[in-house]
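Given next are the chains, with one letter for each unit.
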Amino acid sequence: RKCCSSDSLPSSSKREWKPLEDRSCTDIPWLLLFILFCIGMGFICGFSVATGAAARLVSGYDSYGNICGQKNAKLEAIPNSGMDHTHRKYVFFLDPCNLDLINRKIKSVALCVTACPRQELKTLSDVQKFAEMNGSALCSYNLKPSEYTTSSKASVLCPKLPVPASAPIPFFHRCAPVNISCYAKFAEALITFVSDNSVLHRLISGVMTSKEIILGLCLLSLVLSMILMVIIRYISRVLVWILTILVILGSLGGTGVLWWLYAKQRRSPKETVIPEQLQIAEDNLRALLIYAISATVFTVILFLIMLVMRKRVALTIALFHVAGKVFIHLPLLVFQPFWTFFALVLFWAYWIMTLLFLGTTGSAVQNEQGFVEFKVSGPLQYMWWYHVVGLIWISEFILACQQMTVAGAVVTYYFTRDKRNLPFTPILASVNRLIRYHLGTVAKGSFIITLVKIPRMILMYMHSQLKGKENACARCVLKSCICCLWCLEKCLNYLNQNAYTATAINSTNFCTSAKDAFVILVENALRVAAINTVGDFMLFLGKVLIVCSTGLAGIMLLNYQQDYTVWVLPLIIVCLFAFLVAHCFLSIYEMVVDVLFLCFAIDTKYNDGSPGREFYMDKVLMEFVENSRKAMKEAGKGGVADARELKPMRHSGLPRTGKNL
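How each quantity is defined
- Residues numbered from 1 in each chain as written.
- Predicted model: local features only at pLDDT ≥ 70, side-chain atom pairs only at ≥ 80, totals over all residues.
- Heavy atoms only, no water.
- UniProt positions renumbered as here; feature names shortened; annotations may be inferred.
- Helix = DSSP H or I, 4+ residues; strand = E, 2+ residues; numbered from the N terminus.
- Buried < 20%, exposed > 50% of the residue type's maximum accessible area, 1.4 Å probe, protein only.
- Contact = heavy atoms within 4.5 Å.
- Areas by Shrake-Rupley, 256 points an atom, 1.4 Å probe, with all protein chains shown as cover.
- Disulfide = S-S within 2.5 Å.
- Expected span 1.5 Å × (residues − 1).
- Salt bridge = Lys/Arg side-chain N within 4 Å of Asp/Glu carboxyl O.
- Axes fitted to C-alpha atoms, helices over the stretch in contact; angles between N-to-C directions.
- Parallel < 35°, antiparallel > 145°, perpendicular 65-115°, else oblique.
- Nonpolar A, V, L, I, M, F, W, Y, C, P; charged D, E, K, R; others polar.
- Patch = residues over 30% accessible without salt bridge, like charges linked within 9 Å, V, L, I, M, F, W, Y side chains within 5 Å.
- Pairing = 2+ DSSP bridges.

The protein is annotated in an unreviewed UniProt entry as Choline transporter-like protein of Canis lupus dingo. Its UniProt record gives the protein the following Function (unreviewed entry) comment, quoted word for word: "Choline transporter."

Right, here's the structure in full:
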């Protein structure tokens, strides 16, 4: 294999065409750029650790810049700095409930103490007794324990009374209140239905008591998702037509009801109507007429679309059937969401940890209150933005790697005539090709998505900050821009996925692959529309089915649990997890269907089933092609196959048997 060659797949009329037999490295400059960017991310983490941020984050520090649990150096012009806190390992806040949500910190003096108060301290005498018994002074360093009850400054230098019972946070040595009721006013913004602390306690106790049931229901959703993927293969034909008929009948029924209501309202006598309500009745009648006309137009358009696409729905059914076979031959595809999720969790954990390091890095600066804050000055203060861009780009890169891996494995399956000759692990073979040849393509595709996400996130932040302050015109413009960027992001995501498939077939760079994939999608727009409407609707109903089944099982199980009365939160957790699992599994199914369609398009372009130009496709797809040809012959079109409207990519690297393009 010749790596980094500019040639694509070599043409040959003497051997069977196997698109994945020869590879060439693609988009190497983008791979180098991505590597440099990751090195920059590593520099940010290393800088924050090297400047002492790791110790300040894990051990904590007081308001004078002293790190708890160690000896500290004296800071110039800052009182109470340079203290020996070897035996004071915990950070204690004098007013732990005074939170500043805007600046994301506790607006309170922080001290290093020997132990956290495990019981509520109601008076200064209790605080003094705690200091004498445990050797943990909870008041300022300038105040001795013997002066807690006599000094006039005790109300300022000692904690706010009553001192709530607290416990150290594992690994981070902060004293946090055991009773979270002091955070209630901030939680109300997030949990509006919690009107009192007792409700919150009942919800939390419900989750803790039903943790075994929650775990069992989560496993049930996992099993149901895997079963559904098998069932779709065998009932895809019936399921698609049932859904199509239900949609048509629903639209016809809704339109009929609207016209019936309009006719009934129009025939009703107006003499009995009170004059004050006459205008309201006329407005309702006019609204019913508008609704009925709109529903009629929608039904007619829907019926015409179904009429035009009725033959193309058969391709969706065939692709779903073949996708089921793909999962039988490539069982490791089922576990692909797990590896991707695991990689994302690892990266997000690293990102959050580095973010916390950045929050405590920099040089000590005295603020207006005379306390110490750590801030980064100069160009390094913009590391935050670099870190945020890294979150988006690397996350998208991981997701793109999944798409490229799935595309490579499915392409291998499709273009292997004898399925017994498949590689032992096509998924691992696809991962190997990804790492050796196509990381640059994945980096470029994910960067394009990042370029669209960042402006949309900035606009969303501006919209949230200006909420209630901007005029109607500015609000409309902001929402329109956010909506347009969201639509552009979805379109690019779909195009990227098909570009990765084209790269897996042709070994071309990202731009060439995206252009070739775009040509196919445009020239086969009706078939793409059928696959993405009917197919996506089927998968959506599958997700709803799994969530409803898991939720119903949860209601039945939780109904017999008498240890608590509120099981709303456990049920919500179960349903959210069920939807997440179903989305992960069925999204892989959808991805496989899209890859199969692109392979099918190429197959019907370069082969016609004649000797020497046999199809690679499965028998189910072959039957679809033959049925299309018969239908065209019966229509008197001279045997022009319906598949001729499939016009896949024209590229010199794609050979046809007999002669080169």
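Now that the structure has been shown, we can carry on.
Draft legend 1. Region of the structure containing the overall build of the protein. For the protein, the helix and strand inventory stands at 16 helices and eight strands. Looking at the 661 residues of the protein, the share that counts as buried comes to 43%. Long-range pairs, those at least 24 residues apart, make up 71% of the contacts in the protein with a sequence separation of at least 6. When the accessible surface of the protein is totalled, it reaches about 35,100 Å², and 66% of it is carbon and sulfur.

Draft legend 2. Representation of the state of the cysteines in the model. Per the stated rule, a full pass over the model turns up three disulfides. Here Cys116 connects covalently by a disulfide to Cys175, the sulfurs 1.9 Å from one another. On the S-S bond that ties Cys116 to Cys175, the torsion sits near -75°, and the link is left-handed. Taken together, the residues Cys116 in the loop between strand S4 (110–113) and helix H3 (124–134) and Cys175 in strand S6 (residues 175–177) connect sequence positions 59 residues apart. Residue Cys116 is classed as buried on the basis of its relative accessible area, which comes to 6%. For Cys175, a relative accessible area of 5% gives the class buried.

Draft legend 3. Expanded view of the side chain of Arg456. Mapped onto the fold, Arg456 is located in helix H11 (residues 426–465). Each residue touching Arg456, except ones within four places of it in the same chain, is listed here: Ile482, Leu485, Trp486 and Glu489.

Draft legend 4. Fine view of helix H9 (residues 336–359). Taking 1.5 Å of rise per residue, the 24 residues of H9 would be expected to cover 34 Å, and the 35 Å separating its terminal C-alpha atoms lies within 8% of that figure. The complete set of buried residues in H9 reads Gln336, Pro337, Thr340, Leu344, Phe347, Trp351, Thr354, Phe357 and Leu358.

Draft legend 5. Highlighting helix H12 (residues 472–506). Counted at 1.5 Å a residue, the expected span for H12 with its 35 residues is 51 Å, and the 50 Å between its end C-alpha atoms agrees. Positive backbone phi, at 60°, marks Ser507, one or two positions downstream of H12.

Draft legend 6. Just the environment of Lys490, in detail. Within the element layout of this structure, Lys490 appears in helix H12. Along the sequence, Lys490 and Val452 sit 38 residues apart, while their C-alpha atoms lie 10.0 Å from each other.

Draft legend 7. Region of the structure containing unusual backbone geometry. The step from Leu161 to Pro162 runs through a cis peptide bond, and the omega angle for that step is -10°. Along the chain, the position of Pro162 falls in the loop between helix H4 (154–157) and strand S5 (166–168). Positive phi is not limited to glycine here, since Asn80 has a value of about 65°. Relative to the helices and strands, Asn80 resides in the loop between helix H2 (53–59) and strand S1 (90–93). Positioned with a positive phi, Ser507 is a non-glycine residue whose angle comes to about 60°. Since its relative accessible area comes to 4%, Ser507 is described here as buried.

Draft legend 8. Representation of the environment of Val313. Mapped onto the elements, Val313 comes out in helix H8 (residues 275–329). Given the relative accessible area of 4%, Val313 is considered buried. Considering only alpha carbons, one finds Val313 and Arg237, 76 residues apart in sequence, at a separation of 9.3 Å. Ignoring any residue separated from it by four or fewer positions in sequence, one finds Val313 in contact with Val240, Trp241 and Val534.

Draft legend 9. Spotlight on the pattern of salt bridges. What the rule picks out here adds up to three salt bridges. Lys453 is the salt-bridge partner of Glu396, the closest N and O atoms lying 3.8 Å from each other. Pair noted here: Glu396 is in helix H10 (residues 383–414) and Lys453 is in helix H11, with a separation of 57 residues, a long-range link. The exposure class of Lys453 is buried, given its relative accessible area of 17%. Here Glu489 ties to Lys453 by a salt bridge, and the two come within 2.8 Å at their closest N and O atoms.

Draft legend 10. Region of interest: the packing of helix H1 (residues 28–50) against H11. Contact geometry of H1 with H11 gives a least axis separation of 7 Å together with a crossing angle of 70°. Classified by the angle between their axes, H1 and H11 sit roughly perpendicular to one another. Across the interface between the two elements, Trp30, Leu31 and Phe34 from H1 touch Leu439, Gly440, Ala443, Lys444 and Phe447 from H11. Here the residues of the contact of H1 with H11 are counted per class, giving six nonpolar, one polar and one charged.

Draft legend 11. Examining a nonpolar patch on the surface more closely. Residues Val223, Ile227, Val230, Ile231, Tyr234, Ile235, Val238, Ile242, Leu246 and Ile328 make up a contiguous nonpolar surface patch of about 910 Å² in total accessible area. For the nonpolar patch, the element with the most residues is helix H7 (residues 211–267), which contributes nine residues. Tracing the backbone through its elements, the reader meets Val230 in helix H7. In this structure Val230 comes out as partly exposed when scored by relative accessible area, which is 48%.

Draft legend 12. Spotlight on the pairing of S4. Of the two faces of S4, the one carrying Ala110 and Cys112 and the one carrying Leu111 and Val113 are both buried. Judged from the four bridges that link them, S1 and S4 form a sheet pairing that is antiparallel. When the sheet's bridge partners are listed, Phe93 is paired in S4 with Ala110.

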